[in-house]
Structure formats: C-alpha cells, structure tokens
Amino acid sequence: MRFSYEAVKWMASLPQNHPRHFPPHLNFIEDPSPWSPIFEDSLCKVFSKVSDCVSRQSDTSKMRPNNASGTAIWGARGSGKSNGLRLLTLVPPLLFPDNVVSMYYDYRSHASNPRTPSKLLVEALTRAGVELPFHGTSNLERVLDHAVQHHKTFVLCADEMESVYSNPVIWDQFALLATRYDITLFIADSGSKVRAMVE
C-alpha cells in the first residue's frame, strides 16, 4: 500500500502540463481523510484481481466467477468522490502497467450520448495497445474474455450514474460487470437513488 501513496505523491510532484499530474491539494486520501479506508480497500480489490490475472493467466475455468467485484460509493457533491475515483483510475496502471487497464467516465458530462460499459472497455483496451480480433462493442463478455487472454484486468470508475439508471442496456452491463472476476468496478453518485439501485 505504501507504493500506492508514493505514486500519488509522485503524480502531485509532476509539472502541471504532464498528463499524469494530479493536483496536490486534491490528494486528500491519507488518514484521517474519509477517503483513506475507501482508497485502501479499493486498491486491495484491484491487487487481488491482478494476482488472479497474473497467476492464473488465461485459464478462466480456474478463476473465481463472483467475488464482489463492484463497489458503489455515495457522497454529496464536493465530498471528493470524483477525485477519489480519478486516483483509483490512475494509480493501479502505474503500479501494474502490464496488467491493469483503467477508465474513468463521468456520465453526467455525457448525459446526452452516454457510452455503454462495453464501449468504454474497448476504448481502454485499444489505448493500451490490445487489438480486438472482432468488430463492435456490444458483446461485453467477449470483450472481457479477450482481455483475460492478454493478461489484463480492468479498473472502471463510473461517476455520476444517476442519468443512466433508466437506461436498461447500460445498467444491465453494469450489473454483469459487478459479478465478473476480471474487473474492479466502482460506481459513484451524489443522487439519492444509488443505494436503491444496487440493493
């Protein structure tokens, strides 16, 4: 865990124009910050996925099919949810560049044309240099299985989810992701519906 905090400090020390720079005044993740236990617990989940990904390679029959891969976070606006999610997107690939593919997506900012989780994961894989042997992004399980074959695990952080609760295609994909062994899913919202939607 110490390396995770050192990675955050390293990003804060980078020049402001560096693509991995993270403003130091937003790095409120160390104790006694309320984000500290969430950050550490979330990273432990990612570490577990990486361990599975590396040690078991592409033999999906030996992977754990359901190990509480999804985490829902609620907090009022301004409580640090988005910054925390951004750190969860940035830190794991720094520690495990060969195995972690991450994506942060703010659904409120894209409410008029939201992307499905499968499309987000395809974009993340493409950015990581993993070519897909098929076209289209509608088959989520096929995308995930392809990532496993390349020893990749996903970290997907979806922020401000309220605008897509009524979208069955997007919500059903998130429900599937929450039960998969090969992804660590974080959804966050400042609205009051998130608890009812995930229970």
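Computed from a predicted structure; not experimentally measured. (Residues numbered from 1 in each chain as written. Predicted model: local features only at pLDDT ≥ 70, side-chain atom pairs only at ≥ 80, totals over all residues. Heavy atoms only, no water.)

Considerations on the overall build of the protein
This is how it is decided: Going along the chain from the N terminus, every DSSP run of H or I of four or more residues is numbered as a helix, and every run of E of two or more is numbered as a strand. Buried means the residue's accessible area, taken with a 1.4 Å probe over protein chains only, is under 20% of the maximum for its type, while exposed means over 50%, and partly exposed covers the values in between. Accessibility throughout is a Shrake-Rupley quantity obtained with a 1.4 Å probe, and a residue counts as covered only by protein chains that appear here.
Tallying secondary structure elements over the protein gives 7 helices and 4 strands in all. The 199 residues of the protein split such that 47% are buried. Summing over all exposed atoms, the protein offers an accessible surface of approximately 10100 Å²; the carbon and sulfur share of this is 52%.

Remarks on the sheet that holds strand β4 (residues 183-189)
To keep it simple, the criterion reads: Strand pairing is assigned whenever DSSP detects at least two bridges linking the two strands. Axes here refer to lines fitted to C-alpha atoms; in helices the fit is confined to the stretch in contact. Angles between the N-to-C directions go from 0 to 180 degrees.
The 4 strands lie next to each other as β1-β4-β3-β2, forming an open sheet whose pairing is parallel. Looking at the sheet topology across the chains shown, the edges are occupied by β1 (70-74) and β2 (100-106). Neighbouring strand axes in the sheet, compared pairwise and without regard to direction, differ in orientation by 10° on average. Relative to β4, strand β3 (residues 153-159) runs parallel, the two being bridged by 5 bridges. Bridge pairing links Leu156 to Leu185 in β4.

Considering the confidence of the model for the protein
Quick reminder of the rule: Per residue, pLDDT captures the predictor's confidence, and it can take any value from 0 to 100.
With 85% of its residues at a pLDDT of 70 or more, the protein has an overall mean of 81. Mean pLDDT values over the elements of the protein span from 67, in helix α7 (residues 194-198), up to 94, in β2.

A few points about the layout of surface pockets
Put simply, the test is: A 1.4 Å probe that fits but cannot get out identifies a cavity on a 1 Å grid over protein atoms alone, an open set with protein on both sides within 12 Å along at least five of seven lines counts as a pocket, and a residue lines either if it has an atom within 4 Å of a point. Grid points are joined across faces, edges and corners, and a volume is the space filled by probe spheres set on the points. Ten residues, namely Ala, Val, Leu, Ile, Met, Phe, Trp, Tyr, Cys and Pro, are considered nonpolar, four, namely Asp, Glu, Lys and Arg, are considered charged, and the remaining ones, Gly among them, are considered polar.
The computed volume of the largest pocket comes to approximately 330 Å³. If you trace the largest pocket, you find 13 residues lining it, with Arg20, Pro93, Val100, Ser102 and Arg127 closest to the centre. Contributing elements (two or more residues each) for the lining of the largest pocket: α3 (81-95), β2 and α4 (117-127). Among the elements that make up the lining of the largest pocket, the one with the highest residue count is α3 (4 residues). Of the residues contributing to the lining of the largest pocket, the split by class is 8 nonpolar, 2 polar and 3 charged.

Points about the pairing of β1
Here β1 shows one buried face, formed by Thr71 and Ile73, and one open face, formed by Gly70, Ala72 and Trp74. Note that β1 and β4 share 5 bridges and pair parallel. Its bridge partner being in β4, Trp74 is matched across the sheet by Asp189.

With respect to the nonpolar core
To be explicit about the condition: Nonpolar cores are built from buried Ala, Val, Leu, Ile, Met, Phe, Trp, Tyr and Cys residues. Side-chain atoms within 4.5 Å join them into one set.
Of all hydrophobic cores here, the largest spans 29 residues; its most connected members are Tyr107, Leu121, Phe154, Leu156, Met161, Phe174 and Leu177. By residue number, the principal contributor to this core is α4, which donates 5 residues. By size, the runner-up hydrophobic cluster in this structure holds 21 residues, among which are Ala7, Val8, Trp35 and Cys157.

What to know about the pairing of β4
Filter applied, for reference: Looking down the strands as they point away from you, a crossover is right-handed if its path from the first strand over the helix to the second goes clockwise.
The element β4 is extensively covered by neighbouring structure, given that 7 of its 7 residues are classed as buried. Neither face of β4 is open: one carries Ile183, Leu185, Ile187 and Asp189, the other Thr184, Phe186 and Ala188, and all of them are buried. Handedness of the β3-helix α6 (residues 168-177)-β4 crossover: right-handed.

Overview of α4
The set of residues buried in α4 consists of Pro117, Ser118, Leu120, Leu121, Val122, Ala124 and Leu125. Where α4 terminates, the next one or two residues include Gly129, which has phi positive at roughly 85°.

Thoughts on the pattern of salt bridges
Note the cut-off: In the sections that follow, a salt bridge refers to a side-chain nitrogen of Lys or Arg positioned within 4 Å of a carboxyl oxygen of Asp or Glu.
Applying the stated criterion across every chain, the model contains 4 salt bridges. For Glu160, the salt bridge is made with Arg108, and the minimal N-O distance between the two is 3.2 Å. Placement of Glu160 in the loop between β3 and α6 and of Arg108 in the loop between β2 and α4 is noted, with a sequence separation of 52 residues between them. Exposure remark for Glu160: the relative accessible area of 8% places this residue in the buried category. Here Arg180 and Asp145 are joined by a salt bridge, their closest N and O atoms 2.9 Å apart.

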